[in-house]
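# Close look at the chain arrangement
Here are the chains, one letter per residue:
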Amino acid sequence: MLGLILKLHKRKMEEAYIQRIHMKNLLSHPIISSFLKSKWYPGIFQWTAIVVFSIIVFQLVAGTTNGHKNFGTTMTWVLWWPIIPLFFILFGRFWCAVCPFGKISDIVRKYFGSELPVPKFLKQYGIWLMDLFFILITWSDHVFGIVDSPRGSGYLLLILLTMVIITSVFYERRTFCKTLCFLGGLAGNYSRAGIVELKGTEEICKSCKTQSCYRGNSKVEGCPMFQFPRTMDSSGDCNLCANCIKACPNDSIQVSIRKPTSELWGIKKPRLEHTALAAIIMGIVFVQNITMLSVWEDILQYISQLTRTTSYAINFTVAFIVSMVIPLFLLWFASFIASNKKDMQTIKEYFVIFGYAIIPLDLAGHMAHNLFHILTEGKAIWYNTLQLFGIKASGDLAISSGLTVQILQYAIIVLGLLGSIYTVHRIGNNNGIQRKLPFYVLMIVFTVVNIYLFALPMDHRVH
């Protein structure tokens, strides 16, 4: 009798748990669920993105060489690049679900793919390669002027497209997106701080034998990013493509809204690649801002005295490397101070775990920097769109005043600081204040540097 009572109690607890899950599961809303399970999602967004992407590439390669007046340049660098971090916060890696590269990969694999397994080298070092490609593209922009050059931007997109096609011909699923896309590391880090989460319901998944979420079925492909929703503890590799939602025979998948940065508090398998990129991005934000200041010429002059060359490529590379190394060193130094034993293993653990706390400030710095461009150059989007239809339009590019931009930048940076401080608090929840204090100070230092740089007059990217 007692066994029966316990069994009934356990069943009621499981039913109550599942009911609570469904209450916050967006898929419990019929309209949302029907749309995500329909053939329209994500196809309607993907084909729209492909059409726009085609127009952009054509304009970049065949349109005017004046970056200020080129539709492709303004759509890529004045609109898309500034708003992409906001996408990752609000919608996770939804952009990756609708990205034209992803859809083109699916098409190529369907008709020409040999579906070979991903090489072990890419499995092991893919994240590092994505980080490296992001750094190289950022570096090449300053050295070769890709952003200011429509042709340069167009050729960059065509090179990436070629990489997508080649990898899709040979390898299974979205190998390029998973291991080579320059945006992959950035998207993964930012999505971990985002408010959208997809996962399987453990109580349902544990009895599942089909594994359709990963393998797919006769109607829908398996997870293109090689993920098991049941065991997936991070949003960093989930593209929200809805394949698992369509394939799951048990309605186990849930999509829910969570607190911003909450995933960063409990990363089960923290990785050096993620935290190293977080620190590096902070340095890249610094150098992106510095190159737009009048003091940049003085810095170049000082570096040229050390390198004994006037080569911009060499001198910028020195500044670029130093800017990336400084945040890495400061994170290591904070980890060293926080460590009681001062042994390398403990320092590395602190470096990896607390490095995730930099991500909210990365997001804030990235958005605040890009906010300058979209608010001081934003009207170029409208003018250049009209010119596609033969309507000539020109005028002041600014949407708002410089003072308004600065106030918004300060507000964004402060929000990023609060997110990073709270993340440090939650990561070090079981540690005393002496363990967390060096990282609190580190986040404040990053914030002060950001605010100081944003307080100085900046120059426009295009004229």
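Parameters and conventions
Position numbers for residues count from 1 along each chain, tracking the sequence in the order it is written. In view of the model being predicted, local features appear only for residues whose pLDDT reaches at least 70, and side-chain atom pairs are presented and counted only at 80 or more, with totals across whole chains, interfaces and linings using the full set of residues. To obtain the side-chain values, all non-hydrogen atoms of the structure were used and water was disregarded. Starting at the N terminus, helices and strands are each numbered in turn, a helix being any DSSP run of H or I of at least four residues and a strand any DSSP run of E of at least two. Here the globule rule reads 2.2 Å times residues to the power 0.38, and the radius of gyration is calculated from C-alpha atoms. Partly exposed residues are those whose accessible area sits between 20% and 50% of the maximum for their type, while under 20% is buried and over 50% is exposed, using a 1.4 Å probe and protein chains only. We call two residues contacting when some pair of their heavy atoms lies within 4.5 Å. Surface accessibility in these figures is a Shrake-Rupley result with a 1.4 Å probe; residues are shielded only by whichever protein chains are displayed. Charge counting treats Lys and Arg as positive and Asp and Glu as negative, with His and both chain ends excluded. For the purpose of locating charges, the reference atoms are NZ of Lys, CZ of Arg, CG of Asp and CD of Glu. In the analysis that follows, any N or O atom pair within 3.5 Å is treated as a polar contact, provided that within protein one partner can donate a hydrogen and the other can accept it, and provided that, for residues neighboring in sequence, both atoms belong to side chains. On a range of 0 to 100, pLDDT expresses the predictor's confidence in each residue. By convention in these notes, a salt bridge is any Lys or Arg side-chain nitrogen within 4 Å of a carboxyl oxygen on Asp or Glu. Here the nonpolar core consists of buried residues drawn from Ala, Val, Leu, Ile, Met, Phe, Trp, Tyr and Cys, with membership extended through side-chain atoms lying within 4.5 Å. Candidates for patches are residues over 30% relative accessible area with no salt bridge; among them, like charges are joined within 9 Å and nonpolar side chains (Val, Leu, Ile, Met, Phe, Trp, Tyr) within 5 Å. All axes here are fitted lines through C-alpha atoms, helices being fitted over the stretch that makes contact, and every angle between N-to-C directions spans 0 to 180 degrees. In this scheme, a crossing is called left-handed if the near helix is turned counterclockwise away from the far one by less than a right angle; it is called right-handed if the turn is clockwise. Side-chain classes are defined by residue name, with Ala, Val, Leu, Ile, Met, Phe, Trp, Tyr, Cys and Pro counting as nonpolar, Asp, Glu, Lys and Arg as charged, and the others, Gly among them, as polar. What a helix should span is 1.5 Å times the count of its residues minus one. When two rings of Phe, Tyr or Trp (its six-membered ring) have centres within 6.5 Å they constitute a pair, described as stacked for plane angles under 30 degrees, edge-to-face for angles over 60, and tilted for the intermediate range. Both a distance and an angle decide whether a charge sits over a ring: NZ of Lys or CZ of Arg must be within 6 Å of the ring centre and within 35 degrees of the ring normal. Note that a disulfide, as used here, is simply two cysteine sulfur atoms within 2.5 Å.

## Observations regarding the overall build of the protein
In terms of helices and strands, the protein carries 22 helices and two strands. In terms of overall size, the protein behaves like a compact globule, its C-alpha atoms giving a radius of gyration of 24 Å where 463 residues would be expected to give roughly 23 Å. Here the protein holds 463 residues, and 53% of them are scored as buried. Contacts spanning at least 24 positions in sequence make up 81% of the contacts within the protein whose residues lie at least 6 apart. Split by element, the accessible area of the protein, about 22,800 Å² in all, is 66% carbon and sulfur. Both charge centroids of the protein, one from 42 positive and one from 25 negative side chains, sit 8 Å from each other.

## Concerning the side chain of Thr-179
Examined against the element boundaries, Thr-179 turns out to sit in helix α9 (residues 175-179). Looking at Thr-179, its side chain comes within polar contact range of the main-chain oxygen of Thr-175, at 2.7 Å. For Thr-179, the contacting residues outside a window of four places in its chain are Leu-122, Gly-126, Leu-129 and Met-130.

## Side note on the confidence of the model for the protein
Detailed reading of the predicted model is not advised wherever pLDDT is low. Predicted confidence across the protein gives a mean pLDDT of 89, with 94% of residues reaching 70 or more. In the model, residues 12-23 has pLDDT below 50 throughout and makes 10 contacts with residues more than four positions away in sequence or in other chains.

## So, the pattern of salt bridges
Summed over the entire model, instances satisfying the criterion amount to 10 salt bridges. Across the pair Lys-206 and Glu-203 runs a salt bridge whose closest N-O atoms are separated by 3.2 Å. With a shortest N-O distance of 2.8 Å, Glu-263 and Arg-258 are connected by a salt bridge. Beyond isolated ion pairs, a larger network of salt bridges with shared partners links Asp-106, Arg-109, Glu-115, Arg-174 and Glu-221.

## Brief notes about the nonpolar core
Core analysis: the biggest nonpolar cluster contains 123 residues, and Leu-183, Leu-198, Ile-245 and Met-443 have the highest contact counts within it. Ranked by residues supplied to this core, first place goes to helix α15 (residues 272-290) with 11 residues. When neighbours within four sequence positions are excluded, Leu-198 is seen to be in contact with Pro-229, Met-232, Cys-238, Leu-240, Cys-244, Ile-245, Ile-253, Gln-254 and Val-255.

## Some remarks on a nonpolar patch on the surface
Judged by side-chain polarity, Ile-321, Val-325, Phe-329, Trp-332, Phe-333, Ile-337 and Met-344 come together as a nonpolar surface patch covering roughly 670 Å² of accessible area. Looking at the secondary structure, you find Phe-333 in helix α17 (residues 312-338).

## What about unusual backbone geometry?
The amide bond that connects Tyr-41 to the next residue, Pro-42, takes the cis arrangement and shows omega of -5 degrees. Structurally, the position occupied by Pro-42 is in the loop between α2 (30-37) and α3 (43-62). A positive phi is found at Arg-173, a non-glycine position, where the angle reads about 50 degrees. Note on placement: Arg-173 falls in the loop between α8 (150-170) and α9. What makes Arg-173 buried here is its relative accessible area of 12%. Of note, the phi angle at Asp-251 is positive, near 50 degrees, even though the residue is not glycine. Tracing the backbone through its elements, the reader meets Asp-251 in the loop between α13 (243-247) and β2 (253-257).

## Observations concerning the packing of helix α6 (residues 100-112) against α8
Two elements in contact, α6 and α8, have axes whose closest approach is 8 Å; the angle formed by their N-to-C orientations is 35 degrees. As α6 packs across α8, the resulting crossing turns out to be right-handed. Side by side, α6 and α8 meet where Phe-101, Ile-104, Ser-105, Val-108, Arg-109 and Phe-112 of the first sit next to Leu-157, Leu-160, Leu-161, Val-164, Ile-165, Ser-168 and Val-169 of the second. In the contact of α6 with α8, the residues fall into 10 nonpolar, two polar and one charged.

## Concerning helix α22 (residues 433-455)
Between its terminal C-alpha atoms α22 stretches 32 Å, which fits the 33 Å expected from 23 residues at 1.5 Å a residue. Among all positions in α22, only Arg-435, Lys-436, Pro-438, Phe-439, Tyr-440, Leu-442, Met-443, Phe-446, Thr-447, Asn-450, Leu-453 and Phe-454 are buried. Looking at the packing, one finds that the buried side of α22 touches α15, α17, α18 (344-355), α19 (359-377) and α21 (402-427).

## So, the environment of Leu-180
Along the polypeptide, Leu-180 turns up in the loop between α9 and α10 (184-192). Residues Leu-180 and Thr-275, 95 residues apart in the sequence, show an inter-C-alpha distance of 18 Å. Beyond its immediate sequence surroundings of up to four residues, Leu-180 is in contact with Leu-122, Leu-129, Met-130, Phe-133, Thr-167 and Thr-175.

## Let's talk about the packing of aromatic side chains
Aromatic ring pairs are defined here through the distance separating the ring centres and the angle between the ring planes. Applying the stated rule across the entire model yields 28 aromatic pairs. Taking 6.2 Å as the distance between ring centres and 80 degrees as the angle between the ring planes, the aromatic pair formed by Tyr-41 and Phe-45 counts as edge-to-face. Looking at Tyr-41, the relative accessible area reads 5%, which means it is buried. Chaining the aromatic ring pairs together yields one cluster made of Phe-35, Tyr-41, Phe-45, Phe-87, Phe-91 and Phe-94. When the ring centre of Tyr-214 is taken as origin, the NZ or CZ atom of Arg-173, which lies over that ring, is 4.4 Å away.

## Details of the state of the cysteines
Following the criterion strictly, the structure yields zero disulfides and no others. Residue Cys-96 stays outside any disulfide, its sulfur separated by 6.6 Å from that of Cys-181, the closest cysteine. The thiol of Cys-208 is not disulfide-bonded; the next cysteine sulfur, from Cys-248, is found 6.3 Å away. Classification of Cys-208 by relative accessible area gives partly exposed; the value is 24%.

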